[in-house]
Amino acid sequence: MPTFNWVALKPNQINGTVFNELNDEKVLQVLDMNDFEEQFKTRAQGPTLDLCSVKTKVCQKAPSKVTLIECNRAKNLAITLRKGGLTIDGICKAIQTYDLQSLSLDFLELLTRFIPTEYELTLIRKYEKEQRPLEELSDEDLFMIKFSKIPRLAERMSIMTFLGNFGDTVQLLLPQLNSVIAGSMSLRSSTKLRQILEIVLAFGNYLNSSKRGAAYGFRLQSLDALLDTKSTDRKQTLLHYIVGVIQEKYPDLANFSNELHFLDKAGTVSLDSVQQDVRGLQRGMELTRKEFMRQDDSAVLKDFLKVNTEVMEKLQADSKTAQEAYESTVEYFGENPKTTPPTMFFPTFVRFVKAYKVRDLLLIRCGLAAKSVSCDAFGPILSPKYTRVAFREASLSPFQSCSQSALQDCCEDFLFTFYLYC
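This structure is a prediction, so every number in the text was calculated from the model and none was measured. (Residues numbered from 1 in each chain as written. Predicted model: local features only at pLDDT ≥ 70, side-chain atom pairs only at ≥ 80, totals over all residues. Heavy atoms only, no water.)

(A) Molecular detail of the overall build of the chain. Secondary structure summary: the chain contains 17 helices and zero strands in total. By the burial criterion, 36% of the 422 residues in the chain qualify as buried. Of the contacts made within the chain by residues no fewer than 6 positions apart, 78% connect residues no fewer than 24 positions apart. If you sum the accessible surface of the chain, you get close to 26,000 Å²; carbon and sulfur atoms cover 53% of it. (Helix = DSSP H or I, 4+ residues; strand = E, 2+ residues; numbered from the N terminus. Buried < 20%, exposed > 50% of the residue type's maximum accessible area, 1.4 Å probe, protein only. Contact = heavy atoms within 4.5 Å. Areas by Shrake-Rupley, 256 points an atom, 1.4 Å probe, with all protein chains shown as cover.)

(B) Representation of the pattern of salt bridges in the model. On inspection of all chains with the given rule, the structure shows ten salt bridges. The residue arginine 73 makes a salt bridge to glutamate 120 at a minimum N-O spacing of 2.6 Å. Placement of the pair is arginine 73 in helix α4 (residues 71–84) and glutamate 120 in helix α7 (residues 118–129), with a sequence separation of 47 residues. Taken individually, arginine 73 and glutamate 120 each receive the classification buried, so the pair is uniform in this respect. Close ionic contact of lysine 149 with glutamate 128 constitutes a salt bridge, the shortest N to O distance being 3.0 Å. (Salt bridge = Lys/Arg side-chain N within 4 Å of Asp/Glu carboxyl O.)

(C) Quick peek at unusual backbone geometry. One non-glycine residue with positive phi stands out, namely tyrosine 98, at about 55 degrees. Position of tyrosine 98 among the secondary structure elements: in the loop between α5 (88–96) and α6 (105–112). Positive phi, normally seen in glycine, also occurs at arginine 234, with a value near 60 degrees. With respect to the helices and strands, the residue arginine 234 is situated in the loop between α10 (191–208) and α11 (238–249).

(D) Looking closely at α7. For α7, with twelve residues, the first-to-last C-alpha span of 16 Å sits near the 16 Å given by 1.5 Å per residue. Of the positions making up α7, those classed as buried are Glu120, Leu121, Ile124 and Tyr127. One face of α7 carries all of its buried residues, which in axial projection span an arc of 125 degrees. Exposed and facing more than 90 degrees away from the buried side of α7 are Glu118, Tyr119, Lys126 and Lys129. On the buried face of α7, the contacting elements are α4 and α8 (139–148). Looking one or two places after α7, you find glutamine 131, whose phi comes out positive at around 55 degrees. (Expected span 1.5 Å × (residues − 1). Arc of directions from axis to C-beta.)

(E) Representation of α5 within the structure. Looking at α5, one finds that the buried residues are Ile91, Cys92, Ala94 and Ile95. For α5, the angular spread of the buried residues around the axis is 160 degrees, confining them to a single face. Against the buried residues of α5 lie α4, α6, α8 and α9 (153–189). With its phi angle positive at about 55 degrees, tyrosine 98 sits one or two positions after the end of α5.

(F) Looking closely at the nonpolar core. The biggest cluster of nonpolar side chains holds 80 residues, and the ones touching the most others in it are Ile95, Leu187, Leu315 and Phe345. Per-element tally for this core: the top contributor is α9, with 14 residues. Excluding residues within four positions of it along the chain, leucine 315 makes contact with Val170, Leu173, Leu174, Leu177, Val278 and Leu281. (Core = buried A, V, L, I, M, F, W, Y, C linked by side-chain atoms within 4.5 Å.)

(G) View of the packing of aromatic side chains. Tallied over the entire structure, the rule returns 15 aromatic pairs. Consider the rings of phenylalanine 143 and phenylalanine 147, whose centres lie 4.8 Å apart with planes at 25 degrees: the pair is stacked. Note that phenylalanine 143 and phenylalanine 147 are positioned in helix α8 at a spacing of four residues, about one turn of the helix. Classification of phenylalanine 143 by relative accessible area gives buried; the value is 0%. Accessibility expressed as a relative area gives 0% for phenylalanine 147, which makes it buried. Between phenylalanine 345 and phenylalanine 346, the ring centres sit 5.2 Å apart and the planes meet at 75 degrees, which makes this aromatic pair edge-to-face. Residue phenylalanine 345 is classed as buried on the basis of its relative accessible area of 2%. Accessibility expressed as a relative area gives 0% for phenylalanine 346, which makes it buried. (Phe/Tyr/Trp six-rings, centres within 6.5 Å; stacked < 30°, edge-to-face > 60°.)

(H) Examining the confidence of the model for the chain more closely. Taken residue by residue, the chain gives an average pLDDT of 78. The fraction at 70 or more is 70%. Across the chain, the secondary-structure element scoring lowest on mean pLDDT is helix α16 (residues 384–393), at 37, and the one scoring highest is helix α12 (residues 263–266), at 96. A low-confidence stretch, residues 368–402 stays under pLDDT 50, and its non-local contacts, those more than four residues away or across chains, total 55 contacts. Low confidence marks residues 418–422, where pLDDT is under 50. Its contacts with residues over four positions away, or in another chain, come to 15 contacts. (pLDDT = per-residue confidence, 0-100.)

(I) Structural context of the side chain of serine 179. Inspection of the secondary structure puts serine 179 in helix α9. Here the side chain of serine 179 touches glutamine 176 through a polar contact of 2.7 Å, landing on its backbone oxygen. Leaving out residues up to four positions away in the same chain, serine 179 has contacts with Phe262, Lys265, Ala266 and Val269. (Polar contact = N/O pair within 3.5 Å; in protein donor to acceptor, adjacent residues only side chain to side chain.)

(J) Spotlight on the side chain of serine 186. Tracing the sequence through the fold places serine 186 in helix α9. Assessed through its relative accessible area of 4%, serine 186 is described here as buried. Setting aside anything within four residues of it in sequence, one finds serine 186 in contact with Glu259, Leu260, His261 and Leu263.

Written out as C-alpha coordinates, the structure is:
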(Lines give C-alpha, C1' and ligand atoms only; values in the text may rest on other atoms or scores of the structure.)
Protein backbone atom coordinates (compact mmCIF):
# COMPACT_ATOMS: atom_id res chain seq x y z
CA MET A 1 0.00 0.00 0.00
CA PRO A 2 1.19 3.54 -0.65
CA THR A 3 2.45 5.85 2.08
CA PHE A 4 0.29 8.70 3.36
CA ASN A 5 2.71 11.59 3.69
CA TRP A 6 1.28 13.35 6.68
CA VAL A 7 3.09 15.19 9.47
CA ALA A 8 2.71 12.97 12.51
CA LEU A 9 2.66 14.20 16.08
CA LYS A 10 4.96 12.60 18.62
CA PRO A 11 3.39 10.79 21.59
CA ASN A 12 4.41 13.58 23.97
CA GLN A 13 2.77 16.19 21.72
CA ILE A 14 -0.84 14.95 21.89
CA ASN A 15 -1.42 15.64 25.58
CA GLY A 16 -4.25 18.13 25.92
CA THR A 17 -5.19 17.90 22.23
CA VAL A 18 -8.20 16.43 20.49
CA PHE A 19 -6.12 13.43 19.44
CA ASN A 20 -5.85 12.35 23.03
CA GLU A 21 -9.62 11.75 22.98
CA LEU A 22 -9.66 9.74 19.75
CA ASN A 23 -9.59 5.94 19.37
CA ASP A 24 -8.74 4.94 15.83
CA GLU A 25 -8.60 1.26 16.79
CA LYS A 26 -12.35 1.36 17.40
CA VAL A 27 -12.85 2.58 13.84
CA LEU A 28 -10.69 -0.20 12.46
CA GLN A 29 -12.78 -2.81 14.28
CA VAL A 30 -15.98 -1.56 12.62
CA LEU A 31 -14.74 -1.10 9.10
CA ASP A 32 -13.90 -3.80 6.59
CA MET A 33 -10.38 -2.89 5.49
CA ASN A 34 -10.12 -5.70 2.91
CA ASP A 35 -11.79 -3.58 0.27
CA PHE A 36 -9.55 -0.68 1.18
CA GLU A 37 -6.45 -2.79 0.79
CA GLU A 38 -7.71 -4.06 -2.55
CA GLN A 39 -8.30 -0.54 -3.82
CA PHE A 40 -4.99 0.90 -2.56
CA LYS A 41 -2.63 -2.01 -2.78
CA THR A 42 0.58 -1.57 -4.71
CA ARG A 43 1.98 -4.06 -7.19
CA ALA A 44 4.41 -5.41 -4.64
CA GLN A 45 1.95 -5.89 -1.83
CA GLY A 46 3.46 -7.19 1.37
CA PRO A 47 1.71 -8.88 4.24
CA THR A 48 -0.84 -6.87 6.20
CA LEU A 49 0.60 -5.23 9.28
CA ASP A 50 -1.07 -5.30 12.65
CA LEU A 51 -1.62 -1.60 13.39
CA CYS A 52 -1.94 -2.23 17.11
CA SER A 53 1.45 -3.91 17.26
CA VAL A 54 3.01 -1.09 15.21
CA LYS A 55 1.67 1.52 17.60
CA THR A 56 2.91 -0.49 20.54
CA LYS A 57 6.42 -0.62 19.05
CA VAL A 58 6.36 3.13 18.34
CA CYS A 59 5.39 3.79 21.91
CA GLN A 60 8.19 1.54 23.10
CA LYS A 61 10.73 3.30 20.88
CA ALA A 62 9.56 6.81 21.73
CA PRO A 63 8.49 6.94 25.36
CA SER A 64 7.02 10.15 26.65
CA LYS A 65 9.71 12.69 27.60
CA VAL A 66 9.48 15.54 30.11
CA THR A 67 10.41 18.92 28.63
CA LEU A 68 11.95 21.70 30.72
CA ILE A 69 12.76 24.17 27.95
CA GLU A 70 10.58 25.73 25.29
CA CYS A 71 10.02 23.57 22.20
CA ASN A 72 11.59 25.82 19.55
CA ARG A 73 14.54 26.60 21.81
CA ALA A 74 15.05 22.86 22.33
CA LYS A 75 15.02 22.25 18.56
CA ASN A 76 17.58 25.01 17.97
CA LEU A 77 19.75 23.63 20.74
CA ALA A 78 19.59 20.15 19.20
CA ILE A 79 20.74 21.55 15.85
CA THR A 80 23.58 23.46 17.54
CA LEU A 81 24.79 20.42 19.45
CA ARG A 82 24.89 18.37 16.26
CA LYS A 83 27.09 21.04 14.65
CA GLY A 84 29.56 20.84 17.52
CA GLY A 85 30.10 17.12 17.09
CA LEU A 86 30.97 16.69 20.78
CA THR A 87 29.35 14.89 23.66
CA ILE A 88 27.61 16.84 26.42
CA ASP A 89 30.42 16.03 28.84
CA GLY A 90 33.02 16.99 26.23
CA ILE A 91 31.47 20.40 25.71
CA CYS A 92 31.18 21.13 29.43
CA LYS A 93 34.76 20.02 30.08
CA ALA A 94 36.08 22.23 27.27
CA ILE A 95 34.31 25.25 28.75
CA GLN A 96 35.61 24.52 32.25
CA THR A 97 39.20 24.25 30.95
CA TYR A 98 38.96 27.10 28.36
CA ASP A 99 39.81 24.62 25.62
CA LEU A 100 39.51 26.60 22.40
CA GLN A 101 41.09 23.73 20.48
CA SER A 102 37.97 21.63 21.01
CA LEU A 103 35.38 24.43 20.75
CA SER A 104 35.52 26.68 17.71
CA LEU A 105 34.63 30.35 18.09
CA ASP A 106 31.61 29.93 15.84
CA PHE A 107 30.27 27.05 17.93
CA LEU A 108 31.03 28.98 21.12
CA GLU A 109 29.03 31.94 19.83
CA LEU A 110 26.07 29.65 19.11
CA LEU A 111 26.29 28.11 22.59
CA THR A 112 26.22 31.56 24.19
CA ARG A 113 22.62 31.91 23.06
CA PHE A 114 21.65 28.92 25.21
CA ILE A 115 22.95 30.09 28.57
CA PRO A 116 20.04 29.08 30.86
CA THR A 117 17.59 31.81 31.76
CA GLU A 118 16.37 32.39 35.30
CA TYR A 119 13.09 30.70 34.43
CA GLU A 120 14.88 27.63 33.06
CA LEU A 121 17.11 27.47 36.13
CA THR A 122 13.99 27.54 38.33
CA LEU A 123 12.49 24.60 36.40
CA ILE A 124 15.75 22.65 36.66
CA ARG A 125 16.03 23.22 40.42
CA LYS A 126 12.39 22.22 40.89
CA TYR A 127 12.87 19.03 38.86
CA GLU A 128 15.95 18.08 40.86
CA LYS A 129 14.28 18.92 44.16
CA GLU A 130 11.46 16.53 43.32
CA GLN A 131 14.14 13.87 42.66
CA ARG A 132 12.54 12.85 39.42
CA PRO A 133 14.53 10.47 37.17
CA LEU A 134 16.84 12.05 34.61
CA GLU A 135 15.95 9.30 32.14
CA GLU A 136 12.63 11.04 31.52
CA LEU A 137 14.38 14.12 30.18
CA SER A 138 15.33 14.78 26.55
CA ASP A 139 18.96 15.13 25.50
CA GLU A 140 18.54 18.89 25.28
CA ASP A 141 17.25 19.08 28.86
CA LEU A 142 20.12 16.92 30.08
CA PHE A 143 22.56 19.27 28.36
CA MET A 144 20.95 22.32 29.97
CA ILE A 145 21.21 20.71 33.41
CA LYS A 146 24.94 19.99 33.01
CA PHE A 147 25.48 23.32 31.25
CA SER A 148 23.94 25.21 34.17
CA LYS A 149 26.23 23.43 36.67
CA ILE A 150 29.39 25.08 35.24
CA PRO A 151 30.58 27.73 37.74
CA ARG A 152 30.35 31.32 36.45
CA LEU A 153 29.12 30.04 33.10
CA ALA A 154 28.39 33.44 31.51
CA GLU A 155 31.79 34.83 32.57
CA ARG A 156 33.60 31.76 31.24
CA MET A 157 31.84 31.95 27.89
CA SER A 158 32.66 35.66 27.61
CA ILE A 159 36.31 35.04 28.50
CA MET A 160 36.63 32.23 25.95
CA THR A 161 35.22 34.48 23.23
CA PHE A 162 37.67 37.20 24.29
CA LEU A 163 40.63 34.81 24.25
CA GLY A 164 39.73 33.53 20.81
CA ASN A 165 39.24 36.96 19.24
CA PHE A 166 42.04 38.89 20.98
CA GLY A 167 44.84 38.32 18.46
CA ASP A 168 42.78 39.12 15.37
CA THR A 169 41.28 42.22 17.00
CA VAL A 170 44.71 43.57 17.95
CA GLN A 171 46.01 43.00 14.41
CA LEU A 172 43.01 44.92 13.11
CA LEU A 173 43.34 47.89 15.48
CA LEU A 174 47.11 48.50 15.54
CA PRO A 175 47.48 49.45 11.83
CA GLN A 176 44.57 51.89 12.15
CA LEU A 177 46.12 53.58 15.19
CA ASN A 178 49.53 53.70 13.53
CA SER A 179 48.13 55.31 10.39
CA VAL A 180 46.42 58.04 12.45
CA ILE A 181 49.64 58.66 14.40
CA ALA A 182 51.82 58.77 11.26
CA GLY A 183 49.35 60.90 9.32
CA SER A 184 48.90 63.38 12.15
CA MET A 185 52.62 63.73 12.86
CA SER A 186 53.54 64.13 9.20
CA LEU A 187 51.01 66.93 8.77
CA ARG A 188 52.12 68.65 11.94
CA SER A 189 55.84 68.45 11.12
CA SER A 190 55.73 69.30 7.39
CA THR A 191 57.50 72.61 6.84
CA LYS A 192 56.72 72.59 3.11
CA LEU A 193 52.99 72.20 3.73
CA ARG A 194 53.10 75.18 6.10
CA GLN A 195 54.77 77.29 3.42
CA ILE A 196 52.17 76.29 0.83
CA LEU A 197 49.36 77.22 3.23
CA GLU A 198 51.17 80.51 3.75
CA ILE A 199 51.08 81.12 0.00
CA VAL A 200 47.37 80.23 -0.14
CA LEU A 201 46.70 82.65 2.75
CA ALA A 202 48.59 85.42 0.93
CA PHE A 203 46.59 85.00 -2.29
CA GLY A 204 43.32 84.74 -0.37
CA ASN A 205 43.98 87.94 1.55
CA TYR A 206 45.00 89.71 -1.64
CA LEU A 207 41.76 88.67 -3.37
CA ASN A 208 39.61 89.69 -0.40
CA SER A 209 41.50 92.78 0.73
CA SER A 210 39.03 95.22 -0.84
CA LYS A 211 35.91 93.35 0.28
CA ARG A 212 36.38 91.39 3.49
CA GLY A 213 39.65 92.62 4.94
CA ALA A 214 42.68 90.59 5.92
CA ALA A 215 42.33 87.15 7.51
CA TYR A 216 44.79 85.50 9.88
CA GLY A 217 43.91 82.00 8.79
CA PHE A 218 41.32 79.88 7.01
CA ARG A 219 39.33 76.70 7.49
CA LEU A 220 40.71 73.65 5.73
CA GLN A 221 37.57 73.32 3.62
CA SER A 222 38.81 76.47 1.87
CA LEU A 223 41.40 74.31 0.08
CA ASP A 224 38.57 72.81 -1.95
CA ALA A 225 37.52 76.33 -2.93
CA LEU A 226 40.82 76.79 -4.78
CA LEU A 227 39.22 74.87 -7.65
CA ASP A 228 36.08 77.01 -7.54
CA THR A 229 37.84 80.38 -7.83
CA LYS A 230 38.52 81.18 -11.49
CA SER A 231 40.39 83.81 -13.41
CA THR A 232 38.68 86.63 -15.32
CA ASP A 233 38.69 84.68 -18.56
CA ARG A 234 37.59 81.57 -16.62
CA LYS A 235 40.39 79.61 -18.24
CA GLN A 236 42.27 78.75 -15.08
CA THR A 237 41.54 78.25 -11.40
CA LEU A 238 43.29 79.76 -8.41
CA LEU A 239 44.97 76.42 -7.80
CA HIS A 240 46.35 76.45 -11.38
CA TYR A 241 47.87 79.83 -10.74
CA ILE A 242 49.31 78.98 -7.33
CA VAL A 243 50.91 75.80 -8.68
CA GLY A 244 52.57 77.87 -11.40
CA VAL A 245 53.83 80.40 -8.88
CA ILE A 246 55.29 77.64 -6.71
CA GLN A 247 57.05 76.09 -9.71
CA GLU A 248 58.54 79.44 -10.63
CA LYS A 249 59.26 81.04 -7.25
CA TYR A 250 59.34 78.16 -4.77
CA PRO A 251 60.42 75.05 -6.72
CA ASP A 252 61.65 73.34 -3.56
CA LEU A 253 58.02 73.13 -2.35
CA ALA A 254 56.76 71.20 -5.38
CA ASN A 255 57.35 67.83 -3.73
CA PHE A 256 55.72 68.79 -0.42
CA SER A 257 53.58 65.64 -0.55
CA ASN A 258 56.71 63.55 0.10
CA GLU A 259 56.58 64.80 3.68
CA LEU A 260 53.01 63.51 4.17
CA HIS A 261 52.42 59.86 5.03
CA PHE A 262 49.46 57.48 5.43
CA LEU A 263 46.83 60.19 4.84
CA ASP A 264 44.71 57.84 2.71
CA LYS A 265 44.65 55.11 5.36
CA ALA A 266 44.17 57.55 8.23
CA GLY A 267 41.18 59.02 6.40
CA THR A 268 39.33 55.70 6.61
CA VAL A 269 39.70 55.28 10.38
CA SER A 270 36.79 55.81 12.75
CA LEU A 271 38.87 56.78 15.77
CA ASP A 272 35.90 56.70 18.14
CA SER A 273 35.10 53.11 17.13
CA VAL A 274 38.75 52.07 17.48
CA GLN A 275 38.94 53.62 20.95
CA GLN A 276 35.73 51.82 21.91
CA ASP A 277 37.19 48.51 20.73
CA VAL A 278 40.36 49.13 22.73
CA ARG A 279 38.31 49.78 25.86
CA GLY A 280 36.38 46.57 25.18
CA LEU A 281 39.65 44.61 25.01
CA GLN A 282 40.78 46.19 28.27
CA ARG A 283 37.56 45.12 29.99
CA GLY A 284 38.08 41.59 28.65
CA MET A 285 41.66 41.56 29.96
CA GLU A 286 40.52 42.67 33.41
CA LEU A 287 37.82 39.99 33.46
CA THR A 288 40.43 37.39 32.49
CA ARG A 289 42.74 38.49 35.31
CA LYS A 290 39.92 38.25 37.85
CA GLU A 291 39.02 34.77 36.62
CA PHE A 292 42.65 33.68 36.84
CA MET A 293 42.79 34.88 40.46
CA ARG A 294 39.82 32.59 41.18
CA GLN A 295 41.27 29.69 39.19
CA ASP A 296 45.02 30.12 39.27
CA ASP A 297 45.61 26.51 38.22
CA SER A 298 44.40 27.26 34.68
CA ALA A 299 47.39 26.94 32.33
CA VAL A 300 45.38 28.50 29.47
CA LEU A 301 44.67 31.71 31.38
CA LYS A 302 48.19 31.87 32.79
CA ASP A 303 49.84 31.55 29.36
CA PHE A 304 47.46 34.04 27.78
CA LEU A 305 48.12 36.71 30.40
CA LYS A 306 51.86 36.11 30.23
CA VAL A 307 51.99 36.54 26.46
CA ASN A 308 49.42 39.27 25.90
CA THR A 309 49.68 41.64 28.88
CA GLU A 310 52.45 43.64 27.17
CA VAL A 311 50.52 43.55 23.89
CA MET A 312 47.52 45.10 25.62
CA GLU A 313 49.68 47.75 27.27
CA LYS A 314 51.20 48.70 23.92
CA LEU A 315 47.77 48.87 22.33
CA GLN A 316 46.54 51.18 25.08
CA ALA A 317 49.65 53.36 24.73
CA ASP A 318 49.20 53.59 20.96
CA SER A 319 45.53 54.38 21.44
CA LYS A 320 46.37 57.27 23.76
CA THR A 321 49.14 58.51 21.44
CA ALA A 322 46.82 58.41 18.42
CA GLN A 323 44.12 60.36 20.23
CA GLU A 324 46.54 63.00 21.49
CA ALA A 325 48.41 63.31 18.18
CA TYR A 326 45.20 63.62 16.22
CA GLU A 327 43.58 66.18 18.51
CA SER A 328 46.70 68.36 18.66
CA THR A 329 47.10 68.23 14.86
CA VAL A 330 43.47 69.12 14.20
CA GLU A 331 43.69 72.04 16.62
CA TYR A 332 47.00 73.06 15.02
CA PHE A 333 45.21 73.51 11.71
CA GLY A 334 42.42 75.54 13.31
CA GLU A 335 39.76 72.83 13.43
CA ASN A 336 37.73 71.35 16.28
CA PRO A 337 38.62 67.68 17.01
CA LYS A 338 35.21 67.09 18.61
CA THR A 339 33.37 67.91 15.39
CA THR A 340 36.06 66.87 12.89
CA PRO A 341 36.62 63.09 12.69
CA PRO A 342 39.59 61.59 10.80
CA THR A 343 37.23 60.64 7.95
CA MET A 344 36.68 64.36 7.38
CA PHE A 345 40.08 65.81 8.33
CA PHE A 346 42.59 63.71 6.39
CA PRO A 347 40.61 63.46 3.11
CA THR A 348 40.76 67.27 2.84
CA PHE A 349 44.53 67.06 2.46
CA VAL A 350 44.28 63.99 0.22
CA ARG A 351 42.06 65.90 -2.21
CA PHE A 352 44.36 68.93 -2.12
CA VAL A 353 47.49 66.85 -2.76
CA LYS A 354 45.82 64.97 -5.59
CA ALA A 355 44.55 68.13 -7.28
CA TYR A 356 47.93 69.82 -6.83
CA LYS A 357 49.79 66.91 -8.43
CA VAL A 358 47.52 66.93 -11.47
CA ARG A 359 48.08 70.61 -12.13
CA ASP A 360 51.77 70.42 -11.32
CA LEU A 361 52.19 67.61 -13.83
CA LEU A 362 50.30 69.49 -16.52
CA LEU A 363 52.37 72.63 -16.12
CA ILE A 364 55.62 70.70 -16.23
CA ARG A 365 54.52 68.63 -19.23
CA CYS A 366 53.32 71.58 -21.21
CA GLY A 367 56.20 73.84 -20.19
CA LEU A 368 53.80 76.62 -19.33
CA ALA A 369 54.25 79.53 -16.96
CA ALA A 370 51.38 79.94 -14.52
CA LYS A 371 50.20 83.21 -16.08
CA SER A 372 49.83 81.74 -19.56
CA VAL A 373 47.80 78.65 -18.64
CA SER A 374 44.65 78.55 -20.76
CA CYS A 375 42.18 76.10 -22.13
CA ASP A 376 43.62 76.45 -25.62
CA ALA A 377 46.93 75.10 -24.34
CA PHE A 378 45.30 71.85 -23.26
CA GLY A 379 44.37 70.71 -26.78
CA PRO A 380 47.31 68.32 -27.28
CA ILE A 381 46.88 66.94 -23.77
CA LEU A 382 43.32 65.85 -24.43
CA SER A 383 44.22 63.70 -27.42
CA PRO A 384 43.77 59.94 -26.98
CA LYS A 385 47.41 59.39 -27.81
CA TYR A 386 48.49 61.59 -24.88
CA THR A 387 46.20 59.92 -22.36
CA ARG A 388 47.61 56.53 -23.34
CA VAL A 389 51.31 57.38 -23.56
CA ALA A 390 52.16 60.53 -21.64
CA PHE A 391 52.04 59.18 -18.12
CA ARG A 392 53.97 56.07 -19.15
CA GLU A 393 56.78 58.06 -20.75
CA ALA A 394 56.86 61.10 -18.46
CA SER A 395 59.90 61.25 -16.20
CA LEU A 396 58.73 63.63 -13.51
CA SER A 397 60.36 63.64 -10.10
CA PRO A 398 57.12 63.97 -8.07
CA PHE A 399 55.73 60.84 -9.78
CA GLN A 400 58.73 58.57 -10.29
CA SER A 401 57.58 56.34 -7.44
CA CYS A 402 53.96 56.15 -8.61
CA SER A 403 52.53 53.16 -10.39
CA GLN A 404 51.16 53.47 -13.88
CA SER A 405 47.62 52.92 -12.58
CA ALA A 406 48.06 55.76 -10.07
CA LEU A 407 49.27 58.09 -12.82
CA GLN A 408 46.35 57.05 -14.98
CA ASP A 409 44.02 57.95 -12.09
CA CYS A 410 45.61 61.39 -11.97
CA CYS A 411 45.04 61.79 -15.70
CA GLU A 412 41.38 60.83 -15.36
CA ASP A 413 40.94 63.23 -12.44
CA PHE A 414 42.41 66.02 -14.52
CA LEU A 415 40.10 65.34 -17.46
CA PHE A 416 37.12 65.44 -15.08
CA THR A 417 38.32 68.73 -13.58
CA PHE A 418 39.05 70.16 -17.02
CA TYR A 419 35.52 69.58 -18.31
CA LEU A 420 34.07 70.82 -15.04
CA TYR A 421 35.95 74.06 -14.68
CA CYS A 422 37.43 75.08 -18.03
